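Fold and contact review
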Amino acid sequence: MQETHVSQRSRLILPLAAAAFALVTLVPAFWVPSLWTDEAATASAVRRSWPELFFMLGKVDVVHGLYYMLVKSLTDAVGVSELSLRAPSIAAGAAAAAALAVAGRRLGGPRAGLAAAAVLVLLPRFQFAATDARSYVLTVLGTSLCLAALAALRDSGRWRAAVGFGAALMVSTGLSFYCILLAPVAVLAALADRSLRPHWWKVALASVPAAGLAAWVASLASRQTFQVAWIPPLDGHVVPEIFLLQYFSHASMWTDAGIVPRASAPLVVGMVMTAVAVLALAVWGTVRRPRSFTTVLGLGLIVVPLAVLLIGSALMGSSYYLPRYLTFTAPGLCLLAANGAVSLSRAAASRWVAGAAALTLAGGAVLAIAGQRTEFARSPSDDFRFVADTIRDHARPGESFAVAAGEDLFLAAYPRPFEGLVDLTRGISAAQWGLIFDQRFPLESRSALVDRQKVVFAIRPVEKPQEEQFLRSRGFTEQARWTGPGHVVVKFVKP
């Protein structure tokens, strides 16, 4: 087995090098992007008490429950900030690179392990997930640990490797119940491999607890399907979503209007460059070693979960696929690309091809990283820091602000600038309501409260001016206006 030829020293150096490389790319400017809708939801969840959190999970976001509990355990100790919200993802990203390096080394040797980890780190989807306060990169870590445990079981046949696989699968499934799809991939790959075939039943048995957990979470989530009702039905856009967005962009979807959220030129060019390089390496690796265990495992990770989601969506009449939902399958693509890179580098005549692919991947990754680490790159409409900074700089204690229902996540993301201000439209808090958003009433229904104010800051999306019209009808005049990519803040005063 490949692992027997690796020295004890290199066993430690390789994963440490992979983790260090991940940190070098993840840490710079991770604080620059504004918190956006999904991260604000995390902030909203972890700011409430434990009983309030469990109350919320009974109504919404049960699929994110374990992740919220993990992050809350940290933020209860150090406070809620961009650093404390994103730090778990950065740490998980470094650990995922290390774990995949170990898995790749066991399956194909040190060069394969290093190549797999490097490709993972340079994927734009990984770069986004590993600096985002959501659970997706933790599922990548779970997948990488599952692969490492499966490779160890293939080498040794020991029960502890199977138990390790089951434990990693259990935690991954708790973070995203789609991760249970790793189980059939692992069982099928074991049955197809001569070395692992005698132990396939250990893989299957180790997967049973995770399957039970997935069934339980799915039963709870079935009462919260309204949260994914907004996902567009499957159509021709699913093709670029699979081949471009799933691994090579931070975007949520592809529509008739293009990539959503809209992407800057560096992000688009970086997406194309990384896609061309990685897909070319993956195809070459698959063609050169079509029957290897790594190829079977990598292809299984890419194809099986995707097929289940697409077929399931078609049968159920509702789409349950978004590119980011399959972030956890990225290590499969990285194993295939590593196969291709190692194969090309072995022959002198083809090393230039491997070098060209590596330069294209690195150049595309640099563009993608630079594009992602800007203030509004994650979602220009979610310019929550702009709103908070505007209020901090221009509002005074005792003044008031107005925001419409469903438009107040900037308060969850950055609450401090709003302390001491009168919130004109809020009913009960999100924690009391058991939802992500605060309860909100139309500004028109709060006329008596509005009439007692001297200064009102109307905060609205750029396309919704209703609050401004109402305030003018109550005798307020506009004194100042600040416009961001997604929101407008208007200061109204009463003469």
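Presented here is an overview of the structure given in this document. All residue numbers here refer to positions counted from 1 along the written sequence of the relevant chain. Owing to the predicted nature of the model, reporting of local features is limited to residues with pLDDT of at least 70; listing and counting of side-chain atom pairs is limited to 80 or more, with chain, interface and lining totals taken over all residues. Based on all heavy atoms of the structure, the side-chain values leave hydrogens and waters out of the count.

With that out of the way, let us pick up the overall build of the protein. Looking only at helices and strands, one finds 22 helices and seven strands in the protein. We compute the radius of gyration from the C-alpha atoms alone; for a globule the expected value is 2.2 Å times N to the 0.38, where N is the number of residues. Taking 2.2 N^0.38 as the reference for a compact globule, 495 residues should give roughly 23 Å; the C-alpha atoms of the protein span a radius of gyration of 24 Å, in line with that estimate. When the backbone C-alpha atoms are referred to their principal axes, the protein occupies close to 80 × 45 × 45 Å. Only protein chains enter the calculation, and the probe is 1.4 Å; a residue is then buried if its accessible area is under 20% of its type maximum, exposed if over 50%, and partly exposed in between. Expressed as a percentage of its 495 residues, the buried residues of the protein come to 57%. Considering only intrachain contacts with a sequence separation of at least 6, the fraction spanning at least 24 residues in the protein is 74%. In short, Shrake-Rupley with a 1.4 Å probe defines the accessible areas, and a residue's cover is counted only from the protein chains shown. In the form shown here, the protein has an accessible surface area of approximately 20100 Å², with 67% of it arising from carbon and sulfur atoms. Put simply, the protein has 44 plus and 30 minus side-chain charges, and the middle of one group is 12 Å from the middle of the other. For helices the rule is a DSSP run of H or I covering at least 4 residues; for strands it is a run of E covering at least 2, with both sets numbered from the N terminus onward. In what follows, a contact means two residues having at least one pair of non-hydrogen atoms within 4.5 Å. None of His or the chain ends enter the tally, which takes Lys and Arg as positive and Asp and Glu as negative. Lysine's charge is taken at NZ, arginine's at CZ, aspartate's at CG and glutamate's at CD.

What follows concerns the packing of aromatic side chains. Two rings belonging to Phe, Tyr or Trp (six-membered ring only in the last case) form a pair when the distance between their centres is within 6.5 Å. Interplanar angles under 30 degrees mark stacking, angles over 60 mark edge-to-face geometry, and anything in between is tilted. Within this structure, the stated rule accounts for eleven aromatic pairs. Ring geometry for W50 and F54: centres 6.1 Å apart, planes at 35°, overall tilted. Of this pair, W50 and F54 both sit in helix α3 (residues 50–57), separated by four residues, roughly a single helical turn. Put simply, the rings of F177, Y178 and Y325 pair up and form one aromatic cluster. Remark: a charge is flagged as sitting over a ring if the NZ atom of Lys or the CZ atom of Arg is within 6 Å of the ring centre and within 35 degrees of the ring normal. We note K72 situated over the ring of W50; from NZ or CZ to the ring centre the distance is 5.2 Å.

Glancing now at helix α12 (residues 208–221). Multiply 1.5 Å by the residue count of a helix minus one, and that product is the helix's expected span. Helix length check: α12 (14 residues) gives 20 Å between terminal C-alpha atoms against 20 Å at 1.5 Å per residue, within 8%. Within α12 the residues assigned to the buried category are A210, L213, A214, V217, L220 and A221. Projection of α12 onto a plane perpendicular to its axis shows the buried side chains occupying an angular sector of 125°, all on one side. On its buried face, α12 sits against α9 (159–175). The directions considered for the arc are those from the helix axis to the C-beta atoms.

Take the pairing of strand β7 (residues 487–493) next. Both faces of the sheet carry side chains from a regular strand, because those side chains alternate between them. Buried residues dominate β7, accounting for seven of its seven residues. Here β7 shows two buried faces, one formed by H487, V489, K491 and V493 and the other by V488, V490 and F492. Across seven bridges, strand β5 (residues 455–461) lies against β7 in antiparallel orientation. For P461, the partnering residue across the bridge sits in β7 and is H487. Should DSSP find at least two bridges between two strands, the strands are regarded as paired. Examined bridge by bridge, strand β6 (residues 477–483) and β7 share six bridges and lie antiparallel to one another. Bridging from a neighbouring strand, T477 pairs with V493 of β7. The hairpin turn running from β6 into β7, its antiparallel successor, is three residues long.

What follows covers the side chain of R134. As for its position among the elements, R134 is in the loop between α7 (124–129) and α8 (136–156). Polar side-chain contacts of R134 include one of 2.8 Å to the side chain of T42. With residues near it in sequence (within four places) discarded, R134 still touches D38, E39, A41, T42, D61, H64, Y67, Y68 and S89. Each polar contact in these results corresponds to two N or O atoms within 3.5 Å; when the atoms are within protein, one needs to be able to donate a hydrogen and the other to accept it, and residues that are neighboring in sequence are counted only if both atoms are side-chain atoms.

Attention shifts here to the environment of D38. Tracing the backbone shows D38 in helix α2 (residues 37–46). C-alpha of D38 to C-alpha of A133: the two residues are 95 residues apart in sequence and 7.7 Å apart in space.

Right, let's get into the environment of S343. Mapped onto the fold, S343 is located in helix α16 (residues 330–346). Residue classification places S343 among the buried residues on the basis of a relative accessible area of 17%. In sequence terms S343 and T294 are 49 residues apart; their C-alpha atoms lie 13 Å from each other.

Inter-axis angles, ranging from 0 to 180 degrees, are taken between N-to-C directions of lines fitted to C-alpha atoms, where helices are fitted over the stretch in contact. Running from amino to carboxyl end, helix α4 (residues 65–78) crosses α9 at an angle of 95°, the nearest separation of the two axes being 6 Å. Looking at the two axes, α4 sits roughly perpendicular to α9. Facing α4, whose interface residues are L66, Y67 and L70, α9 presents V171, G174 and L175. Just so you know the grouping, Ala, Val, Leu, Ile, Met, Phe, Trp, Tyr, Cys and Pro go in nonpolar, Asp, Glu, Lys and Arg go in charged, and all remaining residues, Gly too, go in polar. Residues of the contact of α4 with α9, tallied by class, amount to five nonpolar, one polar and no charged. Each angle is binned into one of four classes, with values under 35 degrees roughly parallel, values over 145 roughly antiparallel, values of 65 to 115 roughly perpendicular, and all other values oblique.

The next subject is the side chain of T327. In this fold, T327 is placed in the loop between α15 (293–316) and α16. From its side chain, T327 meets the backbone oxygen of R324 in a polar contact 2.7 Å long.

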